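Coordinate analysis (summary)
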Amino acid sequence: MITFDEQTGIFHLHNKQVSYVLQLVRGRYLLHRYWGRAIREFRDARAFQPIDRSFSPQPAAYENERTFSLDVLPQEYPAYGHGDYRLPAYEVRLADGTTVTELFYDSYKIQKGKPELAGLPAAYADKHEAETLTIFLRDTADKLGVELHYTIFADLPIITRDVKLTNTGTAALELLNAASFSLDFPDHDFDRLMLYGGHAAERSLERRPLVRGIEEVSSRRGASSHQASPFLALARPEATEKQGEVYGFNLVWSGEFALRTEVEQFGTTRLIGGINPFEFRWYLAPGESFQTPEGWLCYSRKGLNGMSQAFHALIRQHLLRGRYQHALRPILVNNWEATYFDFDDEKLDQLAECAADLGIEMMVLDDGWFGHRNDDNSSLGDWQVNTDKLKKGLAGVAASVHKRGLKFGLWFEPEMVSVDSDLYRAHSDWVLQVRDYPSSFGRHQLVLDLSRQEVQDYIVRSVSDVLQSAPIDYVKWDFNRHITEGFSLALPPERQGETRTRFVLGLYHVLETLVQAFPDVLFESCSGGGGRFDAGMLYYMPQTWCSDDTDAVQRLKIQSGTSMIYPPITMGAHVSVTPNHQVGRVTPMQTRAFAAMLGCYGYELDITRMSDAEKAEVREHIALYKHLRPTLQFGTFYRLLTPFAGTANETAWQWVSEDGKQVVLMYFKTLAEPACPIRTLRLQGLEKNQVYRVTDYWPAKGLAHDTALAQHMPLVGRQFYGDELMYSGLTVEKTDADFGAWLWAFEQQ
Ligand code: DGJ
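Residues numbered from 1 in each chain as written. Predicted model: local features only at pLDDT ≥ 70, side-chain atom pairs only at ≥ 80, totals over all residues. Heavy atoms only, no water.

**Some thoughts on the overall build of the protein chain**
Quick reminder of the rule: Comment: elements are numbered from the N terminus, with helices defined as DSSP H or I runs of at least four residues and strands as E runs of at least two. In this description the radius of gyration comes from C-alpha coordinates, and the expected globular size is given by 2.2 Å times residues to the power 0.38. Throughout, a contact is declared for two residues whenever any of their heavy atoms are within 4.5 Å. Surface accessibility follows the Shrake-Rupley procedure with a 1.4 Å probe radius. Residue values consider only the protein chains on display as shielding. Just so you know, the count uses Lys and Arg for positive and Asp and Glu for negative, and it drops His and the chain ends. To locate a charge, the coordinates of NZ of Lys, CZ of Arg, CG of Asp or CD of Glu are taken.
Scanning the protein chain for helices and strands turns up 13 helices and 38 strands. The C-alpha radius of gyration of the protein chain comes to 27 Å, within 12% of the 27 Å expected for a compact globule of 749 residues. Counting only C-alpha atoms, the protein chain reaches 85 × 70 × 45 Å along its principal axes. Excluding contacts between residues fewer than 6 apart, the proportion of contacts in the protein chain whose partners are at least 24 apart in sequence is 71%. With an accessible surface of roughly 27,700 Å², the protein chain has 49% of that area assigned to carbon and sulfur atoms. Where the 76 positive side-chain charges of the protein chain centre and where its 97 negative ones centre are 4 Å apart.

**Regarding the nonpolar core**
Note the threshold: Within this scheme, the nonpolar core is defined by two criteria: the residues are buried Ala, Val, Leu, Ile, Met, Phe, Trp, Tyr or Cys, and they are joined through side-chain atoms within 4.5 Å. We call a residue buried when its accessible area falls under 20% of the maximum for its residue type, exposed when it is over 50%, and partly exposed in between, using a 1.4 Å probe and counting protein chains only.
Y77 and W369 are the most contacted members of the largest nonpolar core, which has 198 residues in total. Ranked by the residues each element gives to this core, the list is headed by helix α7 (residues 499-517), at eight residues. Other than its neighbours up to four places away in sequence, Y77 contacts A89, Y90, L103, L137, V146, L148, R161, V163, L165, A178 and A179. In terms of nonpolar packing, the next biggest core, distinct from the first, is built from 24 residues, V663, F720, L725 and W744 among them.

**Regarding the site of the ligand**
Just so we agree on the cut-off: When at least one non-hydrogen atom of a residue lies within 4 Å of a molecule or strand, that residue is treated as near it. Under this definition, polar contacts are N or O atom pairs within 3.5 Å; protein pairs additionally need one hydrogen-donor-capable and one acceptor-capable atom, and for neighbouring residues in sequence, both atoms have to be side-chain atoms. Note that Gly is not counted as nonpolar here; it falls among the polar residues with everything else outside the nonpolar set of Ala, Val, Leu, Ile, Met, Phe, Trp, Tyr, Cys and Pro and the charged set of Asp, Glu, Lys and Arg.
In the neighbourhood of the ligand, 13 residues make up the surrounding shell, with D366, D367, K476, D478 and D548 lying closest. Between the ligand and the protein, one listed contact pairs an oxygen atom with a side-chain N or O atom of R443 at 2.8 Å. D548 places a polar side-chain atom, nitrogen or oxygen, 2.4 Å from an oxygen atom of the ligand. Here the ligand loses 98% of its free accessible area of 290 Å² to cover by the protein chains. Tallied by class, the residues present in the shell around the ligand amount to four nonpolar, three polar and six charged.

**Some details on the packing of helix α9 (residues 552-562) against helix α10 (residues 589-597)**
To be explicit about the condition: The angle between two axes is taken between their N-to-C directions and runs from 0 to 180 degrees, where each axis is a line fitted to C-alpha atoms and a helix contributes only its stretch in contact. What sets the label is the angle itself: under 35 degrees gives roughly parallel, over 145 gives roughly antiparallel, 65 to 115 gives roughly perpendicular, and the rest give oblique. Here a crossing is taken to be left-handed if its near helix is turned anticlockwise relative to the far helix by less than a right angle, and right-handed if that turn runs clockwise.
Between α9 and α10, whose axes approach to 9 Å, the crossing angle comes to 20°. In this view, α9 runs roughly parallel relative to α10, as classed from their interaxial angle. The two elements α9 and α10 cross, and the hand of that crossing is left-handed. Counted together, A552, L556 and Q559 of α9 and T591, R592 and A595 of α10 form the full contact between these two elements. Residue composition of the contact of α9 with α10, by class: three nonpolar, two polar and one charged.

**Some words on helix α6 (residues 453-469)**
Note that an α-helix has 3.6 residues per turn; residues three or four places apart therefore point the same way. Cut-off, in case you're wondering: Multiply 1.5 Å by the residue count of a helix minus one, and that product is the helix's expected span.
End to end, α6 covers 24 Å across 17 residues, agreeing with the expected 24 Å (1.5 Å per residue, within 8%). Among all positions in α6, only V455, Q456, Y458, I459, V460, S462, V463, S464, V466 and L467 are buried. Those residues of α6 that are buried are in contact with α4 (393-403), β23 (407-412), α5 (422-426), β26 (474-477) and α7.

**Some words on the packing of α6 against α7**
Where α6 meets α7, the axes come as close as 10 Å, and the angle between the chain directions of the two elements is 30°. On the basis of the axis angle, α6 is roughly parallel to α7. Judged by the twist between their axes, the crossing of α6 over α7 is right-handed. Facing Q453, Q456, I459, V460, V463 and S464 of α6, the residues of α7 in contact are G506, H509, V510, T513 and L514.

**Notes on helix α1 (residues 303-318)**
If you check α1, its first and last C-alpha atoms are 22 Å apart, about what 16 residues at 1.5 Å a residue would give, namely 22 Å. Among the 16 residues in α1, 14 count as buried, and that is most of the element.

**Side note on the pattern of salt bridges**
Opposite charge on two side chains lets them pair, provided their charged atoms get close. In plain terms, the rule: Should a side-chain nitrogen of Lys or Arg be within 4 Å of a carboxyl oxygen of Asp or Glu, the pair is scored as a salt bridge.
With the rule as written, the count across this model stands at 49 salt bridges. For R532, the salt bridge is made with E415, and the minimal N-O distance between the two is 2.7 Å. Note that R532 is positioned in the loop between β27 (522-525) and α8 (535-540) and E415 in the loop between β23 and β24 (416-418), a separation of 117 residues in sequence. The buried category is assigned to R532, whose relative accessible area is 2%. Classification of E415 by relative accessible area gives buried; the value is 0%.

**Some thoughts on the packing of aromatic side chains**
This is how the line gets drawn: In summary, the pairing rule links any two rings of Phe, Tyr or Trp, Trp by its six-membered ring, whose centres are within 6.5 Å, and it sorts them by plane angle into stacked for under 30 degrees, edge-to-face for over 60 and tilted for everything else. By definition, being over a ring means that NZ of Lys or CZ of Arg is both within 6 Å of the ring centre and within 35 degrees of the ring normal.
Within this structure, the stated rule accounts for 45 aromatic pairs. Look at W369 and F412: their rings are 5.6 Å apart centre to centre, the planes differ by 80°, and that puts the pair in the edge-to-face class. Of the two residues, W369 is situated in the loop between β22 (362-365) and α4 and F412 in strand β23; the sequence distance between them amounts to 43 residues. On the basis of relative accessibility, which here comes to 0%, the residue F412 falls in the buried class. Site record: aromatic cluster; members linked through ring pairs are Y20, W35, Y150, F181, F185, F190, Y247, F249 and Y299. Positioned over the ring face of F68 is R26, at 4.0 Å from the centre of the ring. If you follow R532 out to its NZ or CZ, it ends over the ring of F479, 4.0 Å from the centre.

**Brief notes about the side chain of N580**
Note that N580 resides in the loop between β29 (571-576) and α10. A polar side-chain atom of N580 sits 2.9 Å from the main-chain amide nitrogen of V583. Discounting residues that sit within four places of it in the chain, N580 has contacts with D549, T550, D551 and R585.

What is shown is where atoms sit, not what they do.
Here it is in structure tokens:
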């Protein structure tokens, strides 16, 4: 999978799907030569033409060679200061205040498998699944050593990259920027796709032409954030969901990040990703190293959906860990939108009884069970049960939930503290803050300084104590504000710029300790919904609450956007009440149920108040979900129609089970239209010569009865060849009602 040709200096990382080519030139410079569809061998047909470009300087050793300039060369890890005026991949401030260093190639190493990244989440692979190339670069003045790591997987069109930088000199230096990867494309004939959003409106897709100059998608919020995802894609303008070239990038990092493109004077594109250099500093004493987070580089020639399928496979097979990596996720009911802070033993017991009766498998007790918390003003940090509210304690609640045959889950927000808490009264210095300015609040709370070991230890201890105090099967780990005054009272001045990076590393340490100590607990991460939905968090917690917007129509967008990178099994999605609490919309139960079936399915409403008719419908949906769950959670996912296209009125998702035997199709139409065309859905990923029998058909409620096809020819039981379903397609029956949802399931015969 990785070869090096001494003669040509070509490193070629390749598998059946993708090739990534680097070239060592003049024994010193590491250039990027090709990345894309797999090629047998790179023989330089697309030779780099040396041209004398004015105002593009020559490095000292090549003063008389006016066609040789770093300003125009495609580089793998470019430096600042020697005539390349584009964005640099790294910057260091030396002891004398200057920021010029010069990295040259030193040596390389190829190894089977993929080494771990100490203290960081990363994709993993054994020696049969991947190979890793390390390229060692050395500074000419011996001040810095850099290792570039590249892993190629045997059967995925993905390469991972990360970088380790070491102070090899005798004086301390300051890292100002350390990207996880950088690479140069020879052109800029791309659309640029990013996921933007806000609280309760995460991950909408924006697609527009890549333009000249510098563009950035980034976070300065202390977390990956609702506002931007650590993802960027460059797609050829003709690329669609289904076909065409797409280059996708994703960072395994839960903190502040930046993914930047620069289209420069000659039309080439540089793309750099990693920790956001804004306000980032890392002090390196002689001998010390800094390890960047990992970046994922995905090449798809099968459009956006091909990119998504590759990311999904990487996440499912090489990122998620633990007992729940391959285990079916339970159907849950969460009491948040059912009760908010207003609950007691009796109310929880009623919920549990009703949940068990409906076929639900787990009950989650959300915010408000600890300290004296009856609203969001107090008690964060005091992780002791409130026995005024829960007289039998957590063990009592867990027992009554378990007695009903349900698992029991609990909410925490361990990175935060309320001013009105015993923790804050004892340790006000444990909060991120600056000395001479008051701290800003978010949701009345402050952020603990997880760069401090004693704070990490406190969180591990207090969460462990609770998990040991009662049989708890699931944890929802929340994070409900972004960081302000993001500095530490415990760090010396020269290390203050490390605080927010150390915060994330501290969080990773806490999470690793807890998931190792409690291997049977299912962890779900959350940040006011999906404000920290990233691959870093998924390494520890295999699912994430997708959004605080539980409206089914909004969720079609949020979940379609999320599916660009993350597989359905990672998305928490619940049926909530109508009128919906965020947008007031009234939607049919079936639409709410099918929209939630895209993710790890659950309910988030007061199920005890449902009518008998509603309960009967819920029982049917739960039975349907259980029947389809292995396919929905482990199958291959296809976006047939996304709400980011056209009038945003239609969405269609499809799954094919791992063994190819079961196929599930869902279609949503937001607003009914009078003069609409007859919609045909063409399925994907079937065996064209195999026969598929319709096992389930759930048309939208409100079908126009005079035209309903099912009246004339019932669909369930009918059999179709795969080629007909893929090439000719399936009719969606017209409905006269808004917010319709349809579902079909097929079994291969
Ligand atoms: C934000 C989460 O996204 C909600 O689901 C809920 O857990 C609240 N926090 C509780 O404060």
